[in-house]
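Examination of the molecular architecture
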Amino acid sequence: MKREHEEICCRPVGETSAGWDGLAAAIFPSSVYRCSDPDSADRLLAGEQSGYVYQRDGHPNGDFLREKCRALHGGDWALLGSSGMAALSIATLTLLKPGDDVLLSDRLYGRTTQQLTQRWSQLGISCRVVDTLDLDAVAKSLDQSAGKTRMVIVETITNPMLRVASLHDLARLAHDAGSLLYVDNTFATPFVCRPLDFGADLVMESVSKMMNGHSDVMLGALMGRGLSEAEFQDTLSVWGLASAPFECWLAMRGLATFHLRMERACESAQWLSEQLASSSFVETIHYPGLATHADRDTVEKQFFEGAAGSVLTFDLPGGRDLAAGFIKRLEGIPFAPSLGEVSTTLSHPTSTSHRRLKPADRERLGIHEGTIRLSVGTEPKEWIWQQLCDAFAAN
Ligand SMILES: *Cc1c(COP(=O)(O)O)cnc(C)c1O
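Predicted model only: the values in this text are computed from it and were never measured. (Residues numbered from 1 in each chain as written. Predicted model: local features only at pLDDT ≥ 70, side-chain atom pairs only at ≥ 80, totals over all residues. Heavy atoms only, no water.)

1. Quick notes on the overall build of the protein chain
Note the cut-off: Each helix corresponds to a stretch of at least 4 residues labelled H or I by DSSP, and each strand to a stretch of at least 2 residues labelled E; elements are numbered beginning at the N terminus. Every radius of gyration here is taken over C-alpha atoms, with the globule rule written as 2.2 Å times N^0.38, N being the number of residues. Should any heavy atoms of two residues lie within 4.5 Å, those residues are counted as being in contact. Note on areas: these come from Shrake-Rupley sampling with a 1.4 Å probe, and a residue is covered only by the protein chains present in the view.
When its secondary structure is counted, the protein chain shows 15 helices and 11 strands. Relative to a compact globule of 395 residues, whose C-alpha radius of gyration would be 21 Å, the protein chain shows 22 Å and is just as compact. Viewed in the frame of its principal axes, the protein chain has a C-alpha envelope of about 75 × 55 × 35 Å. For the protein chain, restricting intrachain contacts to residue pairs at least 6 apart in sequence, the fraction spanning at least 24 positions comes to 74%. Summing over all exposed atoms, the protein chain offers an accessible surface of approximately 17,100 Å²; the carbon and sulfur share of this is 51%.

2. Considerations on the pattern of salt bridges
Just so we agree on the cut-off: Note on definitions: salt bridges are taken to be side-chain nitrogens of Lys or Arg within 4 Å of carboxyl oxygens of Asp or Glu. Burial classes: relative accessible area under 20% of the type maximum marks a residue as buried, over 50% as exposed, and values in between as partly exposed (1.4 Å probe, protein chains only).
Per the counting criterion, the structure on display carries 17 salt bridges. The closest approach of N and O atoms between Asp-100 and Lys-97, which form a salt bridge, is 3.3 Å. On the basis of relative accessibility, which here comes to 7%, the residue Asp-100 falls in the buried class. Taken together, the shared-partner salt bridges connect Asp-106, Arg-107, Asp-361 and Arg-364 into one network.

3. Examining the packing of aromatic side chains
The following threshold applies: Ring pairs are drawn from Phe, Tyr and Trp, using the six-membered ring of Trp, whenever the two centres fall within 6.5 Å, and their geometry is named by plane angle: stacked under 30 degrees, edge-to-face over 60, tilted for the rest.
Tallying each qualifying case throughout the model produces seven aromatic pairs. Look at Tyr-33 and Tyr-52: their rings are 5.6 Å apart centre to centre, the planes differ by 40°, and that puts the pair in the tilted class. In this pair, Tyr-33 sits in the loop between α1 (3-10) and α2 (38-45) while Tyr-52 sits in the loop between α2 and α3 (60-73), placing the two residues 19 residues apart along the sequence. You can call Tyr-33 buried: its relative accessible area is 19%.

4. As for the site of the ligand
Using the following cut-off: Near is defined per residue: the residue qualifies when any heavy atom it owns lies within 4 Å of the molecule or strand. Definition of a polar contact: a pair of N or O atoms within 3.5 Å, with one able to donate and the other able to accept a hydrogen when the atoms are protein atoms, and with sequence-neighbouring residues admitted only if both atoms are side-chain atoms.
Taken together, the neighbourhood of the ligand is formed by 15 residues, with Gly-84, Asp-184, Ser-206, Ser-208 and Lys-209 sitting nearest. Asp-184 is positioned with one of its side-chain polar atoms (N or O) 2.6 Å from a nitrogen atom of the ligand. Side-chain polar atom of Ser-208 to an oxygen atom of the ligand: 2.7 Å apart, as the coordinates give it. Here the ligand, which alone exposes 380 Å², has 94% of that area covered by the protein. Secondary-structure elements contributing two or more residues to the shell around the ligand are α4 (84-95) and β6 (202-206).

5. Considerations on the side chain of His-5
Relative to the assigned elements, His-5 resides in helix α1. Assessed through its relative accessible area of 6%, His-5 is described here as buried. Apart from the residues within four sequence positions on either side, His-5 is in contact with Ala-71, Leu-72, Arg-194 and Phe-304.

6. A closer look at the pairing of strand β11 (residues 371-375)
Heads up, the condition is: We treat two strands as partners when DSSP finds at least two bridges between them.
In terms of burial, β11 is largely enclosed, as five of its five residues are buried. Burial of the side chains of β11 extends over both faces: Thr-371, Arg-373 and Ser-375 are buried on one face and Ile-372 and Leu-374 on the other. Where strand β9 (residues 311-315) and β11 come together, five bridges link them in antiparallel fashion. Within the sheet, the bridge partner assigned to Leu-312 lies in β11 and is Leu-374.

7. Quick word on the nonpolar core
Convention followed: Note on terminology: a nonpolar core comprises buried Ala, Val, Leu, Ile, Met, Phe, Trp, Tyr and Cys residues joined through side-chain atoms within 4.5 Å.
Of all hydrophobic cores here, the largest spans 62 residues; its most connected members are Leu-65, Cys-69, Leu-181, Phe-191, Val-192 and Phe-258. With sequence-adjacent residues up to four places away left out, Phe-191 is seen in contact with Met-1, Glu-6, Phe-258, His-259, Met-262, Glu-263, Cys-266, Phe-304 and Ala-307.

8. Concerning the packing of α4 against helix α9 (residues 229-238)
The condition is simple: In this analysis an axis means a line fitted to C-alpha atoms, helices contributing only their contacting stretch, and an angle means the value between N-to-C directions, from 0 to 180 degrees. Convention used here: angles under 35 degrees read as roughly parallel, angles over 145 as roughly antiparallel, angles from 65 to 115 as roughly perpendicular, and any remaining angle as oblique. Crossing handedness is defined as follows: a turn of the near helix away from the far one that is anticlockwise and smaller than a right angle gives a left-handed crossing, while the clockwise case is right-handed. When residue character is reported, Ala, Val, Leu, Ile, Met, Phe, Trp, Tyr, Cys and Pro are called nonpolar, Asp, Glu, Lys and Arg charged, and the others, Gly included, polar.
Axis separation between α4 and α9 bottoms out at 9 Å; the angle between their running directions is 110°. Comparing their axes, α9 and α4 come out roughly perpendicular. In this structure, α4 crosses over α9, and the sense of that crossing is right-handed. Here Ser-89, Ile-90, Ala-91, Leu-93, Thr-94 and Leu-95 of α4 lie close against α9, whose contacting residues are Glu-231, Phe-232, Thr-235 and Leu-236. Among the residues forming the contact of α4 with α9, the class breakdown is six nonpolar, three polar and one charged.

9. Some details on the sheet that holds strand β2 (residues 101-105)
Sheet architecture is open: seven strands sit in the order β1-β7-β6-β5-β4-β2-β3, paired in mixed fashion. Two strands lie at the open edges of the sheet, namely β1 (77-81) and β3 (126-130), each paired on one side alone. Within this sheet the neighbouring strands show an average axis-to-axis angle of 20°, counted without direction. Across five bridges, the pairing between β6 and strand β7 (residues 220-224) is antiparallel. When the sheet's bridge partners are listed, Ser-206 is paired in β7 with Gly-220. Set on the sheet, α9 makes contact with β1, β6 and β7; between it and β1 the angle comes to about 5°.

10. Considering the packing of α1 against α3
Interaxial distance between α1 and α3 falls to 9 Å at its minimum, and their mutual angle equals 170°. One finds that α1 runs roughly antiparallel with respect to α3. Here His-5, Ile-8, Cys-9 and Cys-10 of α1 come into contact with α3, specifically with Lys-68, Ala-71 and Leu-72. Grouping the constituent residues of the contact of α1 with α3 by class yields five nonpolar, one polar and one charged.

11. Notes on the environment of Glu-382
Tracing the backbone shows Glu-382 in helix α15 (residues 381-393). Residue Glu-382 is classed as partly exposed on the basis of its relative accessible area, which comes to 47%. Once the C-alpha coordinates of Glu-382 and Leu-272 are considered, the two residues, 110 residues apart in sequence, prove to be 8.6 Å apart.

What follows is the structure, given as structure tokens:
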């Protein structure tokens, strides 16, 4: 992340209300605001005058947070939803209409795939699922849809195998076909990558993960370059996907140390991956920061220097019993199927995030019973390594 971006995280927000000198923002829980006169109420509600009327349409804590999110991504605008899934819905509900086609990566967050392939398909939108690491397959699918593809949906770093597709190439292909590129950047965060700089039109962050970082908030952010912010804002209000003031206030507090947490976690994840790569405990190690990573060229072009993310994945040699024993012995590292916390956590994709996949599909993606995903936190890296070594040794 560039220096000026780091400063965005920790700088206090400007004046929050007349006469307020606190370094911390106030919390504005009000659901409704007093209007001074009918003309100004009219202008406020038409969006012609800035200010607040009703919380679902906007509130100060949301505005403080979304300005930081916008700046971190270099977007023209940012909106907040009540979760990462709400942020996706703000995008899809604004853009999709019956007859449209959506092109999905075959490695998306499960609920994202479910929303598109199960819910949107009921409303007359068709989905094509392709391997977005294969640019020829993407080009072919876009060709076949004959201009009907409205959105291409990908993730910067996929879960759990941490593959990295070329956003620059995907944006070019999408735009040539009259389509928009939507990127879920949750695993990367703006500390690692800013998809709008590579041509993406929309980028989403589940703020519930690293950006808040303290396992106590559900929020999502949607950033855009070009496109009409007002239309997306309208969707947010109409479908009731709004953020809550206290959640935004907490997330601002989490975000204040985001750059420090990520710097530490990325450095530790790199070091731990190198230890794992040269150990005999694991069969395979997947981490975008390793020279052996399958998408290394793209990583070098697309990620900020020295930042390859805080998540790493490895395969234990064995089935579920061996994985279960390992997880049980790792007492200091909780099995908590999320990511991006202050402390290190692990997940077991086969029994959680990828439970619904057919065994053959899991196999094709390289996910086994012995696959463990580690979300590296801020503890000393040597401590994390010792925990792992103790649990490996007893296997
Ligand atoms: C968690 C997550 C989401 C959904 O975000 P919520 O805040 O849980 O709704 C979407 N994409 C990815 C990659 C995630 O990890």
